[in-house]
Amino acid sequence: MPSLSPSPTRHTELVDQAVARLSPRWTTWTLQTIQHHGPMRLADINSALPWIGVHAMAQIVRRMQTSGLLDRPQFGVYDLTPLGRDARSVHRAISAWHRTHLADDVASLAEAERVEDALGRLRGKGAIPLLHALAQYGPLPNGALRNEAALATGSFHYRITQLQNDRLLTRTSPFSGRGSEYTLTSAARGLTPVYAELAEFARKALPAAARPDQHGATAQQAVRASAAVRRSPAAASELFSHVSAPEPHVPAYVTALSHPSRTR
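Just so you know, these numbers come straight off a predicted model, no measurement behind them.

Rules and cut-offs
Residues numbered from 1 in each chain as written. Predicted model: local features only at pLDDT ≥ 70, side-chain atom pairs only at ≥ 80, totals over all residues. Heavy atoms only, no water. Helix = DSSP H or I, 4+ residues; strand = E, 2+ residues; numbered from the N terminus. Buried < 20%, exposed > 50% of the residue type's maximum accessible area, 1.4 Å probe, protein only. Contact = heavy atoms within 4.5 Å. Areas by Shrake-Rupley, 256 points an atom, 1.4 Å probe, with all protein chains shown as cover. Salt bridge = Lys/Arg side-chain N within 4 Å of Asp/Glu carboxyl O. Pairing = 2+ DSSP bridges. pLDDT = per-residue confidence, 0-100. Core = buried A, V, L, I, M, F, W, Y, C linked by side-chain atoms within 4.5 Å. Polar contact = N/O pair within 3.5 Å; in protein donor to acceptor, adjacent residues only side chain to side chain. Phe/Tyr/Trp six-rings, centres within 6.5 Å; stacked < 30°, edge-to-face > 60°. Lys NZ or Arg CZ within 6 Å of the ring centre and 35° of its normal.

Our next topic: the overall build of the protein. When helices and strands are counted, the protein shows 14 helices and five strands. Buried residues in the protein amount to 47% of all 264 residues. Of the contacts made within the protein by residues no fewer than 6 positions apart, 65% connect residues no fewer than 24 positions apart. Just so you have it, the protein exposes about 12,900 Å², and 54% of that area is on carbon and sulfur atoms.

Pairs may arise between side chains of opposite charge once their charged atoms sit close together. According to the stated counting rule, one finds six salt bridges in the structure shown. The salt bridge partner of Asp-86 is Lys-204, with a shortest N-O separation of 3.9 Å. Here Asp-86, found in helix α5 (residues 82–101), pairs with Lys-204, found in helix α11 (residues 192–205); they are 118 residues apart in sequence, far enough to count as distant. Two residues, Asp-117 and Arg-121, come together in a salt bridge whose shortest N-O distance is 2.8 Å. Highlighted residues: Asp-117 and Arg-121, both in helix α6 (residues 111–122), separated by four residues, approximately one helical turn. Judged by relative accessible area, which is 11%, Asp-117 ranks as buried.

Moving on, we get to the environment of Val-115. Residue position: Val-115 is located in helix α6. Judged by relative accessible area, Val-115 falls into the buried class, the value being 0%. Residues Val-115 and His-98 lie 17 residues apart in sequence; the distance between their C-alpha atoms is 7.5 Å. If we skip the residues at most four places from it in the chain, Val-115 touches Thr-28, His-91, Ile-94 and Ser-95.

By the bridge criterion, two bridges tie strand β1 (residues 40–41) to strand β3 (residues 77–80) in an arrangement that is antiparallel. Considered in β3, the bridge of Arg-41 is made with Val-77. Pairing geometry for strand β2 (residues 70–74) and β3, over three bridges, is antiparallel. Across the sheet, residue Leu-70 finds its bridge partner in β3, namely Leu-80.

What follows concerns the confidence of the model for the protein. Mean pLDDT over the protein: 81, with 73% of residues reaching 70 or higher. Taken together, the stretch residues 1–6 has pLDDT below 50 and engages in 18 contacts with residues farther than four places along the chain or on a different chain. Of the regions scoring below 50 in pLDDT, residues 213–245 engages in 37 contacts with residues more than four places distant in sequence or in other chains.

By size, the foremost hydrophobic cluster in this structure holds 61 residues, and its most contacted members are Leu-22, Leu-131, Leu-145 and Leu-198. Apart from the residues lying within four places of it in its own chain, the contact partners of Leu-22 are Thr-27, Thr-28, Leu-31, Leu-69, Ala-87, Val-90, Leu-119, Leu-198 and Phe-201.

Glancing now at the side chain of Thr-27. Within the element layout of this structure, Thr-27 appears in helix α2 (residues 27–37). With a relative accessible area of 0%, Thr-27 lands in the buried category. Here Pro-24 takes part through its backbone oxygen, which lies 2.8 Å from a polar atom of the side chain of Thr-27. Here Thr-27 is in contact with Arg-21, Leu-22, Arg-63, Met-64, Leu-69 and Glu-116, once residues within four sequence places are set aside.

Summarising burial for helix α7 (residues 127–137): eight of the eleven residues are buried, a large majority. Looking one or two residues beyond α7, the residue adopting positive phi is Gly-138, at roughly 80°.

With that settled, the discussion passes to unusual backbone geometry. Of note in this structure, Trp-26 is not a glycine but carries a positive phi near 75°. Take Trp-26: it is sitting in the loop between α1 (8–22) and α2.

A few words on the packing of aromatic side chains. One pass over the full model with this rule turns up two aromatic pairs. Both rings, one in Trp-29 and one in Trp-51, keep their centres 5.2 Å apart while their planes meet at 80°; by these two values the pair is edge-to-face. Of the two residues, Trp-29 sits in helix α2 while Trp-51 sits in the loop between α3 (42–48) and α4 (54–66), which places them 22 residues apart along the sequence. Judged by its relative accessible area of 18%, Trp-51 falls in the buried class. Taken together, Trp-26, Trp-29 and Trp-51 form an aromatic cluster joined through their ring pairs. Sitting over the face of the ring of Trp-26, Arg-25 holds its NZ or CZ atom 4.0 Å from the ring centroid.

Quick look at the structure:
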């Protein structure tokens, strides 16, 4: 992961904050539905996403209001905030990464489902710091990696196992004995443009008073982030363009129960 801020630790924190805001289940579906239709009443959102219960949908939009993604321009009507609209560039980066690096058994997944699946792989205490440590320092043994991520032993082993199952980490040796180290998979190494978009999204979410001077270091960081995205192979083909194939309108598990979507 390149350093997109004066402090690599701060960059990791920004990515973590963005993932925490965007990863709760159905957030992406709700954002993209309202983006497509414009301001919507709760009943209309439910009609567009009928697999979500009425009470669950009410909780989702309230949570998204609290997190600054949705606003109520009038009673009972929900619309995207400027921050909610900014999520679109993050979604495109994540969807492009998912298509490039995570081939699946389903011929076509909705973009929203790809985004939620990818964010599920990055969510959870320690996931981003672990990935960041390996990106910065290369293959690391258990102890060094745990220290870099500042995780308790139990949390570390749980997260390492999960990241391996999610195809983001792998061992340099099939055995966990002496000399075994963890390293990033090619999919994890391809996350660079995703990290850049997530960090920039989190920066925009900061209160205006807490943002660095736009005419100083932060403006240069944004330029470097955009350049990193443009240089990415994924960016060249898919990042800023819509997928030509028609998008499905429901999650895969609704139409193919044998292939459930991630629910973490």
